[in-house]
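# Structural overview for review
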Amino acid sequence: MIRLLMMAICMLACMVAHADYRILFLNTPSIVIGGKVLKVDDTFAGDAIIKWTSPKQAMRVLNTATGEQRVFVADDFSKANANSLQAYLSRTKRLSTDSAGAPAIASLATYLNNRFYLLDRLDIATGVPTDARHYFFITYNFNGEEITKAVPNVDGTFTLTLSTFYFTGRKASDEVVVKVYYYDKDADRVTPVCENMRIVPLPTRLK
């Protein structure tokens, strides 16, 4: 069992090392990776050295081989003592993404009861069919009041944006605890999915 686990970790490290990543969103005009100044739509290798300039500098990237998306933040790299995606992912042992590989609804809570960074948007692929009569919605607390929000649901993916966490023109707290529900309109049934999804909004532009 241990041998199989070690083999899996080695295979994962190799995949990360040889993967190319495309920058989908940056909260700074550019970022230095692999000794080059990169911008949105540029690509880089997983083992390229990243030169962060601020603890809150962040980028959303796409793994061009798998289609997986994820947000990375400078402060997390500093805490992990990592200077590349390869090093960071190897040390955190977590390849959770924004858009792929999420489990079906029975085990979705395990995936969602975690901390997620919200840069420009957060797409959660659930593995559960959604349409006009079957969809996810969320609730969160704002100044002691429980807010219920409808969110976009497309082909089994629900999306959170920064505007999701604005109420009467004011932004919710820096870290928002979200409850996620699944509604089956045909059966008139609401299924609680998770109660502790932590959303951390990030600045889309750093001063």
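Residues numbered from 1 in each chain as written. Predicted model: local features only at pLDDT ≥ 70, side-chain atom pairs only at ≥ 80, totals over all residues. Heavy atoms only, no water.

## Brief notes about the confidence of the model for the protein
Confidence in the prediction for the protein averages 85 pLDDT; 85% of positions are at 70 or higher. The element-level mean pLDDT for the protein is lowest in helix H1 (residues 2–18), coming to 49, with strand S5 (residues 50–51) highest at 98. Confidence over residues 12–17 falls short of pLDDT 50; this stretch has eleven contacts with residues more than four positions distant or in other chains. Low pLDDT (under 50) marks residues 94–103, which in the prediction has 38 contacts with non-local residues, meaning those over four places away or in another chain. (pLDDT = per-residue confidence, 0-100. Helix = DSSP H or I, 4+ residues; strand = E, 2+ residues; numbered from the N terminus. Contact = heavy atoms within 4.5 Å.)

## Considerations on the pairing of strand S9 (residues 121–125)
Where burial is concerned, most of S9 is hidden: four out of the five residues are buried. Here five bridges tie S9 to strand S13 (residues 157–161), and the two strands are oriented antiparallel to one another. Its bridge partner being in S13, Arg-121 is matched across the sheet by Thr-161. (Buried < 20%, exposed > 50% of the residue type's maximum accessible area, 1.4 Å probe, protein only. Pairing = 2+ DSSP bridges.)

## Some details on the environment of Pro-129
Within the secondary structure, Pro-129 is located in the loop between S9 and strand S10 (134–142). For the pair Pro-129 and Gly-156, spaced 27 residues apart in sequence, the C-alpha separation works out to 4.7 Å. Ignoring anything within four residues of it in the chain, the contact list for Pro-129 reads His-134 and Tyr-182.

## Focus: the pattern of salt bridges
Tallying each qualifying case throughout the model produces six salt bridges. For Arg-115, the salt bridge identified is with Glu-175, shortest N-O distance 3.4 Å. A residue pair is termed long-range when its members are at least 10 positions apart, and Arg-115 in strand S8 (residues 115–118) and Glu-175 in the loop between strand S15 (170–171) and strand S16 (176–184) qualify at 60 residues. Residue classification places Glu-175 among the partly exposed positions, given a relative accessible area of 36%. (Salt bridge = Lys/Arg side-chain N within 4 Å of Asp/Glu carboxyl O.)

## Let's talk about the packing of aromatic side chains
Counted under the stated rule, the structure contains eleven aromatic pairs. A ring pair is formed by Tyr-21 and Phe-44, whose centres lie 5.9 Å apart and whose planes are at 25 degrees; its orientation type is stacked. Of this pair, Tyr-21 sits in strand S1 (residues 20–26) while Phe-44 sits in strand S4 (residues 43–45), and the two are 23 residues apart along the sequence. Of the aromatic side chains, those joined through ring pairs into one cluster are Trp-52, Phe-72, Phe-77 and Tyr-88. (Phe/Tyr/Trp six-rings, centres within 6.5 Å; stacked < 30°, edge-to-face > 60°.)

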